[in-house]
Amino acid sequence: MARMIPDECPPDTASPAERQLFETLGQRLSDEYVVFHSLPWLDDRFRVLQEGECDFLVFHPKKGLLAIEAKTGLVKYERGAWYRDVGKARLERLNKDPFRQAQSSIHLIVEDHLKPALGLEDGFPIAYGHAVALPDVVNHNLETVPRLYP
């Protein structure tokens, strides 16, 4: 089991996707992994202090870091925008692109926090990336999904 920080999913976690992912990551990853949930960060690059949060930051000492943004509900991407199904055949546009959220989190955490704290000017010693988790989305017809690799 992965080491989870905090140890348990906080009861005030509103997102069902985050609660589900917390449980799944904790149970399915080995003890080599450390998973931070709801990791807050501050960004002062633009002379205005902005707060943000990384839903999950997964760390493995050899494999690297992965920032994950979790979204609840039936989410879809269409014509350059992200939408959530709010029921009764209505879609609500998400105010932020979840991939950009995860990307912003990992770059800010690595570039503005970890590299300076570790005294690194050039490069970073481990790989890092970002992802989005959509646990409520299921594609029942995988044959219609375009294949990226033969």
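Calculation rules
Residues numbered from 1 in each chain as written. Predicted model: local features only at pLDDT ≥ 70, side-chain atom pairs only at ≥ 80, totals over all residues. Heavy atoms only, no water. Pairing = 2+ DSSP bridges. Helix = DSSP H or I, 4+ residues; strand = E, 2+ residues; numbered from the N terminus. Axes fitted to C-alpha atoms, helices over the stretch in contact; angles between N-to-C directions. 1 Å grid on protein atoms, 1.4 Å probe; cavity = no way out; pocket = protein on both sides within 12 Å on 5 of 7 lines; lining within 4 Å. Points joined across faces, edges and corners; volume = space filled by probe spheres on them. Nonpolar A, V, L, I, M, F, W, Y, C, P; charged D, E, K, R; others polar. Buried < 20%, exposed > 50% of the residue type's maximum accessible area, 1.4 Å probe, protein only. Polar contact = N/O pair within 3.5 Å; in protein donor to acceptor, adjacent residues only side chain to side chain. Contact = heavy atoms within 4.5 Å.

A. The arrangement of the sheet that holds strand β7 (residues 90-93) in detail. Across the sheet, three strands lie side by side as β5-β6-β7; this open sheet has antiparallel pairing. Each of the sheet's edge strands pairs with one partner strand only, and the pair in question is β5 (75-78) and β7. Strand after strand, the sheet turns through a mean of 40° between neighbouring axes, direction not considered. Where strand β6 (residues 81-87) lies against β7, four bridges are found, and the strand directions are antiparallel. Within β7, the position partnered with G87 by the bridge is R90.

B. Region of interest: the layout of surface pockets. Considering only enclosed or pocket space, the largest pocket measures out at about 230 Å³ in volume. Around the largest pocket sit 14 residues that line it, and W41, G52, K96, Q101 and S104 are the ones nearest its centre. Elements with a contribution of two residues or more to the lining of the largest pocket: β2 (34-43), β3 (50-60) and α2 (98-118). By residue number, the principal contributor to the lining of the largest pocket is α2, which donates five residues. For the lining of the largest pocket, the residue count by class is two nonpolar, five polar and seven charged.

C. Quick look at the side chain of H60. Here H60 is to be found in strand β3. Of the residues examined, H60 reaches a relative accessible area of 3% and is grouped as buried. Within the structure, H60 has its side chain in polar contact with the backbone nitrogen of K63 (distance 3.0 Å). Apart from the residues lying within four places of it in its own chain, the contact partners of H60 are E32 and Y33.

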